[in-house]
Amino acid sequence: MSKQTSSMLGRTWSYWMSVPLWLQILVGMVLGITVGVVLGEQATVLKPIGTLFVNIIKMLIVPLVFCSLIVGVTSMEDTAKMGRIGFKSFTFYLCTTAIAISIGLAVGYVIQPGAGLDLPLPSGVSDVAKEVPSVMQTLIDIVPTNPIAALANGQILQVIVFAVALGIALVLIGDHGKPAIKVFESLAEAMYKLTDMVMKLAPYGVFGLMAWVAGAYGIEMLLPLLKVIVAVYVGCIIHVLGFYSIVLSMFSKLNPLHFFKGISNAMAVAFTTSSSAGTLPASMKCASEYLGVNKKISSFVLPLGTTINMDGTALYQGVTALFVAQAFGIDLTWVDYLTIILTATLASIGTAGVPGAGLVMLTLVLSTVGLPLEGVALIAGIDRILDMARTVVNVSGDLVATTVIAKSEDELDMEHYNADMVQSAVLAEQNIALETAAEQSAKV
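In short, a report on the structure. If you're wondering where the values come from, they're calculated on a predicted model, not measured in any experiment.

Glancing now at the overall build of the protein chain. For the protein chain, the helix and strand inventory stands at 21 helices and 0 strands. In the protein chain, which comprises 444 residues, the proportion classed as buried is 50%. A sequence separation of at least 24 residues applies to 84% of the contacts in the protein chain between residues at least 6 apart. If you sum the accessible surface of the protein chain, you get close to 20,800 Å²; carbon and sulfur atoms cover 67% of it.

Take a look at the structure:
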């Protein structure tokens, strides 16, 4: 390789590294789709690149959640404040989930994605539905009988319960708990740094994932179910840009545009990985570095939201449940609509934030209102495409909750949050001053 070529590659690499991460991820996504469409099924050879990236992210999830939660709990030495934040988070997530599925039902009713479809039933589809867990059973299941096993198996909800309990205990024992707290603080900082290192690999992992998705599904397979995809994406856009903007501006007096700019990296990772849990490292980074949320709040609210906040998944349930009913010519009553809202809201508490979990939740919803379980097979073919959109909603909801709660607890650095706005205002004032000076000079 000549020195000229080497120098050109060096300059190209330097320029690439200076590009913002979200733009790198976007470029990787576009290139991945293009390569996938061109190569078709042969693009599956690129899937290991994406799989490796997802595996690396999964490696971070349990230790990041465990350490950050303990640090978040112990940093709030006021246990009353911790309880207040926990109550706010839980209430916020349940309310927004119920609203999300209502939006999904409304969009499905208006667009009618299943109307007029004559899709053949797939053969060999099982008609055995999973039992809908009771509220009491859900509460019982979140308490780990073996915390070490919960950590090893990645049972995030159980890990959260143990981490919160351990954090409270460390606070209550006073000075005896400080050495352990320092250890967890050190581990948490190490996990934050490791997260930053891993996120630099995101554009390449995204490229591999998108190439595989585009090559495996192709454009032809999307056309018959295009109305379902459109309905879900329209509902997601309404919920994120409409409902969340109202929440931010009305309840917290915050600028929604600046908020969405601050979480763009997390939204990009969520869209391509289809994993709320997998996006947690990016969400933590966006909350603290771009939005100015105190880590005391983000370390507690975000991991909790990753497990119990499934706004996008709930919205998806509303659209797809109506699609199945319309496709099979089944009329739903208002009682059925209320049942879908209640079931999806409660089921979202125990649904894992990983790719494909929405299909399990959909089985519960369909069985509750007596819709054919064959509908799951109809949706499965495009589930990955839908999963991308609903994960963006889930992650955005986590960050909205974190920001709103931080603002209510006076733990949001407003100067940090409004940094770009302040800079724009300063530049505008400078431009006005220059124009005024120019006008005065012209008069003279």
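Following the structure, the description resumes.
Let's shift gears to the packing of aromatic side chains. Tallied over the entire structure, the rule returns 5 aromatic pairs. Stacked on the ring of W212, the Lys or Arg K47 has its end atom at 4.2 Å from the ring centre. In this structure, R390 packs its charged tip against the face of Y316, placed 3.9 Å from the ring centre.

Most peptide bonds adopt trans geometry, and most residues besides glycine take a negative phi value. In this model, Q112 sits at a positive phi of 55°, which is unusual for a non-glycine residue. Positionally, Q112 belongs in the loop between α4 (79–111) and α5 (135–141). Assessed through its relative accessible area of 27%, Q112 is described here as partly exposed. One non-glycine residue, K253, lies in the positive phi region at around 55°. Note that K253 resides in the loop between α10 (226–251) and α11 (256–262).

Helix-helix packing: each pair is described by the crossing angle between the helix axes and the interaxial distance. The interhelical angle for the contact between helix α3 (residues 47–75) and helix α8 (residues 178–199), taken along N-to-C directions, is 145°, at an axis separation of 9 Å. Classified by chirality, the crossing of α8 by α3 is left-handed. Across the contact of α3 with α8, the residue classes break down as 19 nonpolar, 3 polar and 1 charged.

Another aspect to go through is helix α13 (residues 276–290). The largest bend in α13 amounts to roughly 35° and is located at A282. Of all 15 residues making up α13, 13 are buried, and the element is well covered by its neighbours. Backbone geometry just after α13 places G292 at a positive phi near 80°.

About the cut-offs
Residues numbered from 1 in each chain as written. Predicted model: local features only at pLDDT ≥ 70, side-chain atom pairs only at ≥ 80, totals over all residues. Heavy atoms only, no water. Helix = DSSP H or I, 4+ residues; strand = E, 2+ residues; numbered from the N terminus. Buried < 20%, exposed > 50% of the residue type's maximum accessible area, 1.4 Å probe, protein only. Contact = heavy atoms within 4.5 Å. Areas by Shrake-Rupley, 256 points an atom, 1.4 Å probe, with all protein chains shown as cover. Phe/Tyr/Trp six-rings, centres within 6.5 Å; stacked < 30°, edge-to-face > 60°. Lys NZ or Arg CZ within 6 Å of the ring centre and 35° of its normal. Axes fitted to C-alpha atoms, helices over the stretch in contact; angles between N-to-C directions. Left-handed = near helix turned anticlockwise from the far one by under 90°. Nonpolar A, V, L, I, M, F, W, Y, C, P; charged D, E, K, R; others polar. Bend = angle between axes of the 7 residues up to and from the residue.

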